Amino acid sequence: MADRERRRTLRDWREQLRRDTTAHGGHAGGPVPAVARWLDDRLGLAKGTRALLRKPFPGHWSFLIGEIALFALVVLFLTGTFLALFYRPDTRVVTYEGPYLPLKGSEVSIAYESMLRLSFEVRAGLLMRQIHHHAANVFMAAVVAHMFRTFFTGAFRRPRELLWVTGVALLILGIGAGFTGYSLPDDLLSGTGLQIAYGILLSVPLVGPFLAFVLLGGELPNPDVLGRLHILHVMIIPGGLVALVTAHLAILFRVRHTQHPGGPRTDRNVVGKPMFPTQTMISGATFAATVAVLALLGGLYEINPVWVYGPFEPARVFAPTQPDWYVGWLEGVFRLWPAWSIHLFGIVVPQPFIPGVVVPGLIFTLAILWPWIEVRWITHDREERNLLQLMRDNPVRSAIGTAGLTFLTVMFLAGSNDVLAALFVIHLENVTLTLRTLLVVGPPVVGWLTYRWLTRLRRRDVEEARAAPRGEPRSRSA
Amino acid sequence: MAGDPRAERTIRRATRVAGGAFLLAVVGSIGLFVVYVAGGNTQLEGLFLFLAFGGGAVALTVWAKILIDEPDLIEERPPMHSSDADRAAFEHAYLEAREAHDPATRSRRRLLTRLLVLAGLSLTAALGLPFFSLGAPPGAALFRTKWSSGSRLVGFGGNPIRPEHVNPGAVLTVFPEGHVGDGESSALLIGISPQRLRPGVAFMDTVQGLLCFSKICTHAGCPVGLYREEVAELLCPCHQSKFKVTEAARPISGPTTRPLPQLPLGVNPGGFLIALGDFEEPVGPEFWNIRRGRRG
């Protein structure tokens, strides 16, 4: 009886709601679920949520790149959790007795064995592993693309400097996550990356040996290092990622999106589709599309086949050794930097210190400080800016951007100088020499060309605007 | 617009596409379920997961972009900063909260605040101490390896080596006996005819036709894995440092600045190769006090 009673009440309420919304000029759509009323009785959310429903979101395809990064990160967390249930950060050696015949009877670490078990024995384990690795690549690619989009359109200007800073911090953490993950399988490749990290830590003047021993637990290989990388990879770095993403989104929510100029859009308004239903569905579609592409890659595109690389053995290595692409540019500086080690008052500044610590440190510092550098030396613009720019609107910034991009591209290529040499059948020394030259000459040339091209475009815009009748919008904003 | 037959047709078609895509997503999920229960197959799992999510993506896109097609909303965007009145009110509230019920004078409060900062900093420093539990300072460890005078050279299999078994042109990874697989001690035993050695260079060619170098690259510590016999060059595959064996492993190209340290060789009464001591210099990447530290 009570049940029927309650059902009737609910029906009445829905009916009432429908009448109310129609009376107030709204659509007589589906009724709000009872759970919403239950929640509102306890939390009083209706007023705030109503505003949220109709919050406008400026739309442009390039605004989805950041969302792709976010969704790839969600996939990384989900697949990573699954992997963590099977992975064992243990360097003790066992005899492999699993189903992968080429390694049967080999002496492998428990960590490596757990990777083989994940790949060959856990159902859907290989899919999870491969989706995880692909998602890491997609995450980093989306973060980098998002960063360049933000840079070239001036989306980092006041009031969005904090978004820029948290974004660069996310990029750095992402590289850290990628590197620690790369080292976990304890295969031949991962051990090599770790060895290089040890060499870089060791190179820091005065504190290097101490740092290397404290962070990595001593000379490599040692029994502690995998456990430490594991905790970094599954707890400390993800914690930082969650904190930074939360901050990034909260700040975004407060300062709201930028928008491209044109139509009714100005610096003092927000024009776009409402959060509900359109933006929610577009974001949902972006999420589904991201997962779909990652699933396809994970299922069909083999990545990091650790069983081919074989278990880690300290005195073995294979050529060519290649880092993941987002570490490639760091590796590139490392390969191009000349054989200079500095001796000062009996203290050695080893060769790896400058390309391994100083150069990346400078690049990231410049990146983080860019919004302030630009205001201080280029634009002197301290106003709030909510309209995006074209590259030609700020030719100096764009020229510095393309120069930087050239610099990174050359460094990235240098990270594969041995592969390039083999591919084009040229001497490695010639590849290195060419890339060194390009690294010095390329950025200024590209920057100068960009500047010339953009100022010419801008001049043409001005002439067209002058030729057009007054009040006519400029062609690009039409 | 409701009566427009073209719009009507578009809506019908879009509904069909979105509906079909949602059904495809269902098919994908069922397929995934079947494959999983049947024992799993990475490729099919990926394909069906792709269908499941791809169908949803297509359906949502069609629904949001074609069926709903809302007009843009326009909202004013006030400047980010709070109004002057709000800022003043905040400042007032803060000052009042700080001072209204605190009888201390301004200077005493400043003293207390400074002591609070001092206490906070010292506590932070104390909390940092467990950091030092993470590893012992390296001490002499960086200056020595497991080699000592009399250690026999053994291969990966643990087998000792007789000098007459290493032909000119041969290269062999060796370890001190009892420490097979120890990275820092790994060394390369190279057979090379004495005529090829460049005169005037200091070699530890204490056994005719044999040289032994650390296998750990002096740049970043990768194993120096490649040897080109015809030019007697060792190459590190990580950053392409090249070492000339006939010039005591002097670096001839690439980023490194230091030759590979040599291991002094000897032959024991049993006729097996032994080391006459540790490497002449610390192995591996450089560090700041590599020139001033001592071996323990």
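Residues numbered from 1 in each chain as written. Chains lettered and ligands numbered in written order. Predicted model: local features only at pLDDT ≥ 70, side-chain atom pairs only at ≥ 80, totals over all residues.

**So, the interface of chain A and chain B**
Facing the 78 residues of chain A at the interface are 66 residues of chain B. At 15 residues, helix 11 (residues 275-300) of chain A tops the list of elements feeding residues into the side of chain A that touches chain B. As paired strands, strand 4 (residues 269-274) of chain A and strand 1 (residues 73-76) of chain B are joined by 4 bridges and run antiparallel to one another. Residue pairing across strands places V271(A) opposite I74(B), the latter belonging to strand 1 of chain B. (Contact = placed C-beta atoms within 7 Å. Helix = DSSP H or I, 4+ residues; strand = E, 2+ residues; numbered from the N terminus. Pairing = 2+ DSSP bridges.)

**Here's the deal with the confidence of the model for chain A**
In low-pLDDT regions, the fine details of the predicted coordinates are not to be read closely. Residue and element names in this part refer to chain A. Summing up the model confidence of chain A, the mean pLDDT is 89 and the portion of residues at 70 or higher is 91%. When mean pLDDT is taken per element in chain A, helix 4 (residues 64-84) scores highest with 97 and helix 1 (residues 2-23) scores lowest with 63. For the stretch residues 25-29, pLDDT sits under 50, and the model shows 5 contacts to residues farther than four places along the chain or on other chains. Throughout residues 474-478 the model reports pLDDT below 50, and contacts reaching past four residues in sequence, or to other chains, amount to 7 contacts. (pLDDT = per-residue confidence, 0-100.)

**Topic: the sheet that holds strand 8 (residues 242-244) of chain B**
Residue and element names in this part refer to chain B. Across the sheet, which stays open at both edges, the 4 strands sit in the order 6-7-8-9 with antiparallel pairing between neighbours. Each edge of the sheet is formed by a strand with only one pairing partner; in this case those strands are strand 6 (226-228) and strand 9 (250-253). Neighbour-to-neighbour, the strand axes of the sheet open up by a mean angle of 30°, direction not taken into account. Bridge analysis of strand 6 against strand 7 (residues 233-235) gives 3 bridges, and the strand direction is antiparallel. Opposite L226, over in strand 7, you have L235 as the bridge partner. (Axes fitted to C-alpha atoms, helices over the stretch in contact; angles between N-to-C directions.)

**Notes on the packing of helix 4 of chain A against helix 11 of chain A**
Residues and elements named next belong to chain A. Two elements in contact, helix 4 and helix 11, have axes separated by 9 Å at closest approach and are oriented at 55°. On the basis of their axis angle, the class for helix 4 and helix 11 is oblique. Crossing hand, helix 4 versus helix 11: right-handed. Taken together, the residues of helix 11 that come into contact with helix 4 (itself represented by L64, E67, I68, F71, A72 and V75) are S283, T286, F287, T290, V291 and L294. Taken together, the residues of the contact of helix 4 with helix 11 sort by class into 8 nonpolar, 3 polar and 1 charged. (Parallel < 35°, antiparallel > 145°, perpendicular 65-115°, else oblique. Left-handed = near helix turned anticlockwise from the far one by under 90°. Nonpolar A, V, L, I, M, F, W, Y, C, P; charged D, E, K, R; others polar.)

**Overview of the nonpolar core**
Formed by 163 residues in total, the largest nonpolar core has its most connected members in A72(A) and F139(A). The element that contributes the greatest number of residues to this core is helix 2 (residues 42-68) of chain B, accounting for 14 residues. What F139(A) contacts, discounting residues up to four positions off in sequence, is A69(A), A72(A), L73(A), L76(A) and G174(A). (Core = buried A, V, L, I, M, F, W, Y, C linked by C-beta atoms within 7 Å. Buried ≥ 20, exposed ≤ 12 C-beta atoms within 10 Å, placed from the backbone.)

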